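A look at the structure
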Amino acid sequence: VERPSAAASPTNAARKAFVIDVGEPFSLADTEKIAVRRTRGGNLLLLGNEMGSHDRALLGALHSCLLAAWSQSVPVTVIDFAGDDDDDLTCPLVDVLETIDGTYVRSAGAAARFAALAESVAERTAQGDYKSPSELLVIVGLERARLLQPVDPYAIDDGHSDSAAL
């Protein structure tokens, strides 16, 4: 089986979906793939389990997603609420992001980054711009994100909370 090189894939702006190879297939296909499409409800991928961000298999899956983004010229932002608590990691998340020129933000900078991303999405939506290059946002340690409070549907507010922006 000969796999196409990363250079043979179309440019980020020309692609309709961001495709992630997630591992060995359960069929005769070369790999198992997930296409993250630009449709409502089709642009979200959740990775997780009861161990949270401390599971090395989960971290490996996350590294695969980041490398898939890099190979397809998709800019990556990681907002990390958990941090690398494990000193035994041979490949910490921040090092992977540094290698692929991604953006790494800890919880202190999360509100500003969410606001910038929400503004970008609102601008693209208002202009009907559905051909701009894809971007990948990864949230690590969502269970520790005290910044994000659930939106109360009965509360009277202006809808400008960080949770509402998401």
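First, a word on what this report is: a plain description of the structure on this page. It should be emphasised that the depicted structure is a prediction, and the values quoted were computed from it without experimental measurement.

Remarks on the overall build of the chain
Regarding its fold elements, the chain presents 4 helices and 5 strands. Going residue by residue from the N terminus, the α and β elements of the chain occur as β-β-α-β-α-β-α-β-α. Within the span of the chain, comprising 166 residues, buried residues form 28% of the whole. If you take every contact in the chain between residues at least 6 apart in sequence, the share linking residues at least 24 apart comes to 60%. Summing over all exposed atoms, the chain offers an accessible surface of approximately 11,400 Å²; the carbon and sulfur share of this is 54%.

Details of the environment of valine 138
Assignment of secondary structure puts valine 138 in strand β5 (residues 136-140). Of the residues examined, valine 138 reaches a relative accessible area of 10% and is grouped as buried. Residues valine 138 and valine 76 lie 62 residues apart in sequence; the distance between their C-alpha atoms is 7.6 Å. Setting aside residues up to four positions removed in sequence, valine 138 forms contacts with Leu62, Leu66, Thr77, Val78 and Ile79.

Topic: the pattern of salt bridges
Within the structure shown, the criterion is met by 1 salt bridge. Between glutamate 135 and arginine 124 there is a salt bridge, with the nearest N and O atoms lying 3.3 Å from each other. Here glutamate 135 is found in the loop between α3 (110-127) and β5, whereas its partner arginine 124 is found in helix α3, with 11 residues between them in sequence. Using a relative accessible area of 42% as the deciding quantity, one classes glutamate 135 as partly exposed. Judged by its relative accessible area of 23%, arginine 124 falls in the partly exposed class.

Here's the deal with the sheet that holds strand β3 (residues 76-80)
Whenever strands of a sheet pair, they do so through backbone hydrogen bonds, lying parallel or antiparallel. In space, the 3 strands of this open sheet follow the order β4-β3-β5, with parallel pairing throughout. Strands with a single pairing partner mark the edges of an open sheet, and in this sheet they are β4 (103-106) and β5. Averaged over all adjacent pairs, the angle separating strand axes in this sheet is 15°, with direction ignored. Sheet analysis places β3 next to β4, joined by 4 bridges and oriented parallel. Counterpart to aspartate 80 in the pairing with β4 is arginine 106.

Points about the environment of aspartate 80
Mapped onto the elements of the fold, aspartate 80 is located in strand β3. With 25 residues separating them along the chain, aspartate 80 and valine 105 place their C-alpha atoms 6.1 Å apart. Of the polar contacts made by the side chain of aspartate 80, one reaches the backbone nitrogen of alanine 82; its length is 2.9 Å.

Side note on the side chain of serine 132
Among the secondary structure elements, serine 132 is positioned in the loop between α3 and β5. Among the polar contacts made by the side chain of serine 132, one reaches the side chain of aspartate 129 at a distance of 2.3 Å.

Looking at helix α1 (residues 56-71)
Here α1 is 16 residues long and its end C-alpha atoms lie 22 Å apart, about the 22 Å a rise of 1.5 Å per residue gives. Among all positions in α1, only Leu58, Leu59, Leu62, His63, Cys65, Leu66, Ala68 and Ala69 are buried. Phi turns positive, to about 60°, at serine 73, one or two residues after α1.

What about the nonpolar core?
Grouped together as the largest cluster of nonpolar side chains are 20 residues, with contacts concentrated most on Phe18, Leu66, Val76, Val78 and Leu136. Among the secondary structure elements, those contributing two or more residues to this core are β1 (17-23), α1, β3, α2 (93-99) and β5. Counting residues per element, this core draws most heavily on α1, at 6 residues. With residues up to four places along the chain from it excluded, the contact list for leucine 136 reads Phe18, Cys65, Leu66, Ala69, Val74, Pro75, Val76 and Thr77. Listed in part, the 7 residues of the second largest apolar core include Val105, Ala110, Phe114 and Leu148.

What counts and how
- Residues numbered from 1 in each chain as written.
- Predicted model: local features only at pLDDT ≥ 70, side-chain atom pairs only at ≥ 80, totals over all residues.
- Heavy atoms only, no water.
- Helix = DSSP H or I, 4+ residues; strand = E, 2+ residues; numbered from the N terminus.
- Buried < 20%, exposed > 50% of the residue type's maximum accessible area, 1.4 Å probe, protein only.
- Contact = heavy atoms within 4.5 Å.
- Areas by Shrake-Rupley, 256 points an atom, 1.4 Å probe, with all protein chains shown as cover.
- Salt bridge = Lys/Arg side-chain N within 4 Å of Asp/Glu carboxyl O.
- Pairing = 2+ DSSP bridges.
- Axes fitted to C-alpha atoms, helices over the stretch in contact; angles between N-to-C directions.
- Polar contact = N/O pair within 3.5 Å; in protein donor to acceptor, adjacent residues only side chain to side chain.
- Expected span 1.5 Å × (residues − 1).
- Core = buried A, V, L, I, M, F, W, Y, C linked by side-chain atoms within 4.5 Å.

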